[in-house]
Amino acid sequence: MSEPGPYRPGFVPRPAIGILFMLGSATLFPVMNGFVKMLSADYTSEQIIWARNATHLLFVLALFAPRRGWTIFRTRRPGLQFARSLLLLLSTICFFTAVKYIDLGKAATIQFVAPFIVTVMAWRLLGESLSAARLAAVGLGFLGAVIVIRPGSSAFQWADLLPLGSSFFYAAYQVCTRFVADKDTAETSVVYSALIGTLAMALFLPFVWKTPTTAFDIVVMSGLGVLGGLGHYCIARAMQHAEASLIAPFNYWQIVGSALFGLIVFGEVPDAFVWIGATVIVAAGGLMAWQEARPRGGAAPKTGGS
């Protein structure tokens, strides 16, 4: 949990700017995931995931290395950095594999159960409180995922579980990030997240590499990490201008953006169950945000960032 907004060093309340940055992030991620789905028709997931991490690594090194130099690789928690980076890689593998088989809108909707998993993990591992309202939001969020996945129905397929696995790994990654946040700088953590993924996926490249056949493929594959890096940058900037409880609901634009990209590029039309499930998940997220924004004992509202 971050400190109350008005007392956070450097916090300048500009809600409109914060919302715009969050909407920018929620637009960039669906575009990146859509490009992943396009590339999946001709390239293996291993190569695409390596490209995502490698270009992200180059992007963040270009941003931070000139100022930090080699000290950017200095960590006081190497084991934890490796663990959190591996969890993020597993989350990426699950999601990038999922979009190869299921609609973008459906995958994005299911993945939004991650905040609810974080809430449960933070309660068990970090000792954070789990009020009745939070528990209700968690239950509502998982109900929305069940509506979308529809286990046991003819519409269910094994790939529907991959975004759920991605959410679990991403939630664990966020909890690990909280453990390491007071030991290493954010720049060091970001670099390790991309570095471990790049090195791990490079082991598969000799067996799956396919040289990009068109200039478009080269540009798209090279731009995956930039899109992802800019998306995370927009989130960080959004947090500088507005409380998390205010801007978090605008992150759900990812669901709409993913559905639009899927419709325009791939002709995907999410069925009614996806939209119903998405509505339930958004409502659960709204309940969580409302709970986070409530004053506690007369104190200023706290944000629910991760």
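Scroll up for the structure.
About the cut-offs
Residues numbered from 1 in each chain as written. Predicted model: local features only at pLDDT ≥ 70, side-chain atom pairs only at ≥ 80, totals over all residues. Heavy atoms only, no water. Salt bridge = Lys/Arg side-chain N within 4 Å of Asp/Glu carboxyl O. Helix = DSSP H or I, 4+ residues; strand = E, 2+ residues; numbered from the N terminus. Buried < 20%, exposed > 50% of the residue type's maximum accessible area, 1.4 Å probe, protein only. Contact = heavy atoms within 4.5 Å. Phe/Tyr/Trp six-rings, centres within 6.5 Å; stacked < 30°, edge-to-face > 60°. Lys NZ or Arg CZ within 6 Å of the ring centre and 35° of its normal.

**Q** I keep staring at the pattern of salt bridges and nothing clicks. Help me out?
**A** One side chain can pair with another of opposite charge once the charged atoms of both are near each other. Inspection of every chain in the model, using the stated rule, returns five salt bridges. For Lys106, the salt bridge identified is with Asp160, shortest N-O distance 3.1 Å. Of this pair, Lys106 sits in helix 4 (residues 104-111) while Asp160 sits in the loop between helix 6 (132-149) and helix 7 (161-180), and the two are 54 residues apart along the sequence. For the pair Lys106 and Asp160, a shared accessibility class is recorded, and that class is buried. Between Asp271 and Arg150 there is a salt bridge, and its shortest N-O distance comes to 2.6 Å. Of the two residues, Asp271 sits in the loop between helix 12 (253-266) and helix 13 (272-293) while Arg150 sits in the loop between helix 6 and helix 7, which places them 121 residues apart along the sequence.

**Q** What is the right way to look at the environment of Ala159 in this model?
**A** Residue position: Ala159 is located in the loop between helix 6 and helix 7. Exposure remark for Ala159: the relative accessible area of 0% places this residue in the buried category.

**Q** Could you clarify how one ought to interpret the side chain of Ser25 in this entry?
**A** The topology assignment puts Ser25 in helix 1 (residues 15-39). Contact partners of Ser25, with chain neighbours within four places excluded, come to Pro30, Gly231, Cys234 and Ile235.

**Q** Sorry, what's going on with the packing of aromatic side chains here?
**A** Given two aromatic rings, one states the distance between the centres and the angle between the planes to describe the pair. One pass over the full model with this rule turns up eight aromatic pairs. Arranged with centres 6.1 Å apart and planes meeting at 85°, the rings of Trp50 and Trp209 form a pair that is edge-to-face. Pair noted here: Trp50 is in helix 2 (residues 45-68) and Trp209 is in the loop between helix 9 (205-208) and helix 10 (215-241), with a separation of 159 residues, a long-range link. With a centroid separation of 4.9 Å and 35° between ring planes, the pair formed by Phe112 and Tyr252 is classed as tilted. Here Phe112 is found in the loop between helix 4 and helix 5 (114-125), whereas its partner Tyr252 is found in the loop between helix 11 (244-247) and helix 12, with 140 residues between them in sequence. Here Phe112 matches Tyr252 in class, with each residue buried. By the ring-pair criterion, three or more aromatic residues cluster together here, those being Phe35, Phe261 and Phe266. One Lys or Arg, Lys37, reaches over the ring of Phe266 and ends 5.6 Å from the middle of that ring. In this structure, Arg124 packs its charged tip against the face of Trp123, placed 5.4 Å from the ring centre.

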